[in-house]
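Examination of the molecular architecture
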Amino acid sequence: MKQKIFKKKLILFLFFIIMYSIGNNILYLSAYAAYADLPNEIKKIENCKNEKIVKKAILNFNNKSNNFKEFNNMSIKNFHHIKKFNFGGVLLNSWGVKGTDKGEFMHPHGIGSDSYGNIYVSDTIKCNIQKFDSNGNFLLEFGKRGNGPGEFIQPESIAIDKNDNIFVVDYGTSHVQKFDSDGNFITMWGSKGNKTNQFMKPWGLGVDSKGNVYVGDQENPVVQKFDNDGNFIKKWGSYGSKEGQFVHIHDITIDSNDYVYVTDGRENSRVEKFDSEGNFITMWGSKGSKEGQFIEDHGIAVDKEEKVYVVDTRNVRIQKFDSEGNFITMWGSVGCKDNQFLVPHDITIDPNSNIYVSDSGNVHFRENYVCN
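Below is a summary of the structure that appears in this document. Quick caveat, the model's predicted, so the values are computed rather than measured.

With that settled, the discussion passes to the overall build of the protein chain. Secondary structure assignment for the protein chain yields 3 helices and 26 strands. When burial is assessed residue by residue, the protein chain has 58% of its 372 residues classed as buried.

Right, dumping it as structure tokens:
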């Protein structure tokens, strides 16, 4: 009798061991499949990512790793997080290494340009905004960790109006905050929720010629439109893949005619274009790595000639289109050189048509680890 009980326990124990092993392998393979959308060259980059770090990156990408801090704080030798190009994709300058000092970055994300060509960059780990001149010289910084005015938990996209007011959307607090160009707090609005003037996971942000502010929500996939002081005007969108619907809004930009462009990454992998009232006009893109396709399209910007630039994050490149979505050109490859990218996120264009791209140098991170 005891022998039968022992055998049953042994079989049960072996069953759990096998299932645990299978589960871990499925988890790893699932994470690897997501990360494998990046070219295989990423595993071979010297002074940047070795095989051990790549495995951590794979797990981080799937939000399952317990090694986030070690990965996120690693030094990426000689890697600059801000890249400056001309309108043809030729590198002009780069700056910003990993670190906590002024002019350095832990996880740069949102990027914007004012009327003087100054560049503003959000950092989701340092919980602040840094301001540089167009050559990358540090000018000032503002913000700290917190939920109050002028404070951030996870600052993401940046948008700047014609009066050089700075708008920052905070994924962690569900706030939109407004500052002057010196970083002085002006106002803020928003709270957690899916009602009007609320956000679940706000990420995308844009400002039109009249100063109206557009906010995209990743979890509640709508675009909300506000006036310059945060008063609600209207909203549009719903979950799905039809015209005017979204699955995972990443960024918003508005051209000189106040047409609104929204990047809808992941499942839809496309760009949608609307008028300022939210009426659908056109869309383009699909999931893949060919011209005009995306894998996780993130940042988006429009130049003076209405050319549209899209950060194709997991394809590690920038794609350029006309305003109707016709492909023009693209550039970018995986690497640590100044004209290459690791994880490009956002993009902005200054008054002189120079293009700036922020590159976190890290793979996606877990929300509960930000700003530690």
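Buried residues dominate strand S11 (residues 175-179), accounting for 5 of its 5 residues. With burial as the criterion, each face of S11 is covered, one bearing His175, Gln177 and Phe179 and the other bearing Val176 and Lys178. Two strands pair when backbone bridges link them, and strand S10 (residues 166-170) and S11 are joined in this way by 5 bridges, in the antiparallel orientation. Across the sheet, valine 169 pairs through a bridge with valine 176, a residue of S11. Hairpin connection between S10 and S11: a loop of 4 residues separates the two successive antiparallel strands, and serine 174 in this loop has a positive phi of roughly 60 degrees. In terms of strand pairing, S11 meets strand S12 (residues 185-189) through 4 bridges, oriented antiparallel. When the bridges of S12 are listed, lysine 178 appears paired with threonine 187.

Now for the pattern of salt bridges. On inspection of all chains with the given rule, the structure shows 12 salt bridges. Across the pair glutamate 277 and lysine 234 runs a salt bridge whose closest N-O atoms are separated by 3.5 Å. Note that glutamate 277 is positioned in the loop between strand S19 (270-274) and strand S20 (280-284) and lysine 234 in strand S16 (residues 232-236), a separation of 43 residues in sequence. Glutamate 272 is paired through a salt bridge with arginine 270; the nearest N and O atoms lie 3.2 Å apart. The pair formed by glutamate 272 and arginine 270 is uniform in burial state, with each residue classed as buried.

Counted by the stated rule, this structure contains 23 aromatic pairs. When the ring of phenylalanine 85 is compared with that of tryptophan 331, the centres are 5.7 Å apart and the planes differ by 55 degrees; the resulting orientation is tilted. One end of the pair, phenylalanine 85, is in strand S1 (residues 82-85); the other, tryptophan 331, is in strand S24 (residues 327-331), and 246 residues separate them in sequence. Taken individually, phenylalanine 85 and tryptophan 331 each receive the classification buried, so the pair is uniform in this respect. Judged by its relative accessible area of 0%, phenylalanine 85 falls in the buried class. Through a chain of ring-to-ring contacts, three or more aromatic side chains come together here, namely Trp95, Phe105, Phe132, Phe138 and Tyr356.

Paired through their backbone hydrogen bonds, the strands of a sheet run either parallel or antiparallel. In spatial order, the strands read S13-S14-S15-S16; together these 4 strands make up an open sheet with antiparallel pairing. The open sheet has two free edges, formed respectively by strand S13 (202-207) and S16, since each of these has just one partner strand. Between one strand axis and the next, the sheet turns by 20 degrees as a mean value, whatever way the strands run. Here S13 runs beside strand S14 (residues 213-217); their pairing, made up of 5 bridges, is antiparallel. Residue pairing for S14: valine 207 is matched across the bridge by valine 213.

With that settled, consider the side chain of aspartate 264. Counting through the fold element by element, aspartate 264 comes out in strand S18 (residues 260-264). A distance of 3.1 Å separates the side chain of aspartate 264 from the backbone nitrogen of valine 247, its partner in a polar contact. Other than its neighbours up to four places away in sequence, aspartate 264 contacts Gln245, Phe246, Val247, His248, Ile249, Ser269, Arg270, Glu272 and Asp297.

Overall, antiparallel pairing links the 4 strands, which are arranged S9-S10-S11-S12 in an open sheet. Edge positions in the open sheet fall to strand S9 (155-160) and S12, since each of these has one partner strand only. Neighbour-to-neighbour, the strand axes of the sheet open up by a mean angle of 20 degrees, direction not taken into account.

Cut-offs applied
Residues numbered from 1 in each chain as written. Predicted model: local features only at pLDDT ≥ 70, side-chain atom pairs only at ≥ 80, totals over all residues. Heavy atoms only, no water. Helix = DSSP H or I, 4+ residues; strand = E, 2+ residues; numbered from the N terminus. Buried < 20%, exposed > 50% of the residue type's maximum accessible area, 1.4 Å probe, protein only. Pairing = 2+ DSSP bridges. Salt bridge = Lys/Arg side-chain N within 4 Å of Asp/Glu carboxyl O. Phe/Tyr/Trp six-rings, centres within 6.5 Å; stacked < 30°, edge-to-face > 60°. Axes fitted to C-alpha atoms, helices over the stretch in contact; angles between N-to-C directions. Polar contact = N/O pair within 3.5 Å; in protein donor to acceptor, adjacent residues only side chain to side chain. Contact = heavy atoms within 4.5 Å.

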